[in-house]
Amino acid sequence: MTSGPTHMRSVVAGIGSFLPARKVSNADLEKMVDTTDDWIVQRTGIRNRHIAGEGETTSVLATHAANAALADAGLTGNDIDLLIVATSTPDYTFPSTATQVQAAIGMLHGAAFDVQAVCSGFVFAMATADKFLMSGSHRRALVIGAETFSRLLDWNDRTTCVLFGDGAGAVVLEAREGAGTIKDRGMLTTHLRSDGRHREKLYVDGGPSTTGTVGHLRMSGRDVFRHAVSMVTDVMVDAFAATGTTAEDLDWFVPHQANRRIIDASAEKLGIAPGKIVVTVDQHGNTSAASIPLALCAAVKDGRIKAGDLVMIEAMGGGFTWGSALIRW
Ligand code: UT7
């Protein structure tokens, strides 16, 4: 007997990522704005970030990551019937970056669209794909987080320009029948939240319907920081409650990589052991929607995350938006 659609699981079948070749260190930034390596490392844990070069648009980074994830899964573009790109730095106002990637990977059917939830975008996109796959409407999804935040930055504003980087990561999700228990491989639960009252704490001061320009990122870092830990730990507690799991059950904690202090404080609040935390913010900076798939990919490729491991992802960003997903790898 086959089980019902509630037992359909979105299982990770492949992963890939891409970083632009150009690396920018804190020492490089010291030459551009009034900052120091010490300040950046102490306040954020960031040492390096990658910055996209000419021609390296978000869809180009996303396509590299997508092709790596497809190769890892042993699939081609046409095996995918749902493609979602999480980005706040699309190539164009429209069409979506997802449709550009769709064409680039030779996916000639199905649907492709963007999801915009800033730094939480990858979690929102994973949750969206999971709903499609669980419903039975689609079979294989490519979920990509890709950003070129360097192009939104005010390079004269030291309070923001030292924090961000560019990159892309991609995951192939495949609908497979599960037993309906938390032992199943795949996405076990997702929890999304937003609160639009916080707009002015983290936003871009331009857009097609306001200024007619792209604009620059503006952030009141201290205000964002103040909310971040409680928001991300709330949605992780929701994930534990929904699955009857605890921090002890986790094999890996793969948070959004904005700031080492936020990551460590969140883990400590929930009793997640420091050895279970995957950290890439030191080498990538904050790559917004790309940060989680970049970190996941690093930990899969170096052998830390293995099939069957219980992995918590979470993020918080502009909007505010925040969310978590618990995945049996
Ligand atoms: O991914 C989306 C979510 N975003 C985040 O999670 C970011 C959250 N916020 C943060 O990570 C931190 O708030 C920051 C890293 C942005 C800032 O750290 P902070 O400990 O909150 O510092 P602060 O903003 O309170 O600034 C402290 C001082 C200020 O000087 P005064 O006013 O105390 O004299 C700043 O002007 O540090 C100064 N400052 C800098 N100094 C050297 C700010 N930026 C820099 C800089 N270099 N780059």
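For clarity, every value in this text was computed on a predicted model and none was experimentally measured. (Residues numbered from 1 in each chain as written. Predicted model: local features only at pLDDT ≥ 70, side-chain atom pairs only at ≥ 80, totals over all residues. Heavy atoms only, no water.)

1. Re the sheet that holds strand 12 (residues 310–317)
- With mixed pairing, the 4 strands of this open sheet are ordered in space as 8-13-12-11. In the strand order of this sheet, the two ends are held by strand 8 (186–194) and strand 11 (252–255), each with one partner. Mean inter-strand twist for the sheet, computed between neighbouring axes without regard to direction, equals 10°.
- In this structure, strand 12 lies alongside strand 13 (residues 321–328), joined through 8 bridges in antiparallel fashion. Looking across to strand 13, one finds that Ala315 is bridged to Gly323. (Pairing = 2+ DSSP bridges. Helix = DSSP H or I, 4+ residues; strand = E, 2+ residues; numbered from the N terminus. Axes fitted to C-alpha atoms, helices over the stretch in contact; angles between N-to-C directions.)

2. Quick look at the sheet that holds strand 1 (residues 8–18)
- Pairing is mixed across the open sheet formed by 5 strands, whose spatial order is 1-7-6-4-5. Looking at which strands have only one partner, the edges of the open sheet turn out to be strand 1 and strand 5 (111–115). Neighbouring strand axes in the sheet, compared pairwise and without regard to direction, differ in orientation by 20° on average.
- Relative to strand 5, strand 4 (residues 82–86) is paired through 5 bridges, and the arrangement is parallel.

3. Observations regarding the site of the ligand
- Taken together, 23 residues lie near the ligand, and Thr35, Arg222, His256, Asn259 and Asn286 sit nearest.
- In the model, an oxygen atom of the ligand is placed 2.9 Å from a nitrogen or oxygen of the Arg43 side chain.
- A distance of 2.7 Å separates an oxygen atom of the ligand from a polar side-chain atom of Asn286.
- Out of a free accessible area of 960 Å², the ligand has 77% covered by protein chains.
- Going through the elements one at a time, helix 2 (37–44), helix 6 (158–161), helix 7 (221–243) and helix 8 (260–270) are the ones with two or more residues in the shell around the ligand.
- When residues of the shell around the ligand are assigned to their parent elements, the largest contribution, 4 residues, is made by helix 7.
- Looking at the shell around the ligand, its residues break down into 11 nonpolar, 7 polar and 5 charged.
- Here the shell around the ligand spans two domains, and each of domain 1 (7–178) and domain 2 (186–328) adds at least three residues to it. (Near = heavy atom within 4 Å. Polar contact = N/O pair within 3.5 Å; in protein donor to acceptor, adjacent residues only side chain to side chain. Areas by Shrake-Rupley, 256 points an atom, 1.4 Å probe, with all protein chains shown as cover. Nonpolar A, V, L, I, M, F, W, Y, C, P; charged D, E, K, R; others polar. Domains from an automatic or database assignment.)

4. Side note on helix 8
- Buried residues of helix 8: Ile262, Ile263, Ser266, Ala267 and Leu270, and no others. For helix 8, the arc enclosing every buried residue in end-on projection is 125°, short of the 170-degree limit, so these residues lie on one face. Turned more than 90 degrees away from the buried face of helix 8, the exposed residues are Glu268 and Lys269.
- Looking at the buried side of helix 8, the elements it contacts are helix 7, strand 11 and helix 9 (281–284). (Buried < 20%, exposed > 50% of the residue type's maximum accessible area, 1.4 Å probe, protein only. Arc of directions from axis to C-beta. Contact = heavy atoms within 4.5 Å.)

5. Looking at the domain arrangement of the protein chain
- When the domains of the protein chain are assigned, the result is domain 1 (7–178) and domain 2 (186–328).
- Tallying the contact residues gives 52 residues for domain 1 and 48 residues for domain 2.
- Connecting domain 1 to domain 2 are 2 salt bridges.
- The partner of Asp72 in a salt bridge is Lys301, with the nearest N and O atoms 3.3 Å apart.
- The interface formed by domain 1 and domain 2 contains 18 residue pairs in polar contact (both at pLDDT 80 or more).
- Every element with two or more residues in the side of domain 1 that touches domain 2 is listed here: strand 1, helix 2, strand 3 (48–50), helix 5 (121–135), strand 6 (140–148) and strand 7 (166–177).
- By residue class, the composition of the side of domain 1 that touches domain 2 is 24 nonpolar, 16 polar and 12 charged. (Salt bridge = Lys/Arg side-chain N within 4 Å of Asp/Glu carboxyl O.)

6. Structural notes on the pairing of strand 7
- The buried fraction of strand 7 is high, at 10 of 12 residues.
- Pairing geometry for strand 6 and strand 7, over 9 bridges, is antiparallel. When the sheet's bridge partners are listed, Ala141 is paired in strand 7 with Leu173.

7. Considerations on the side chain of Ser288
- Relative to the helices and strands, Ser288 is located in the loop between helix 9 and helix 10 (291–301).
- Ser288 has contacts with Val118, Cys119, Glu147, Phe149 and His256, leaving out every residue within four places of it along the chain.

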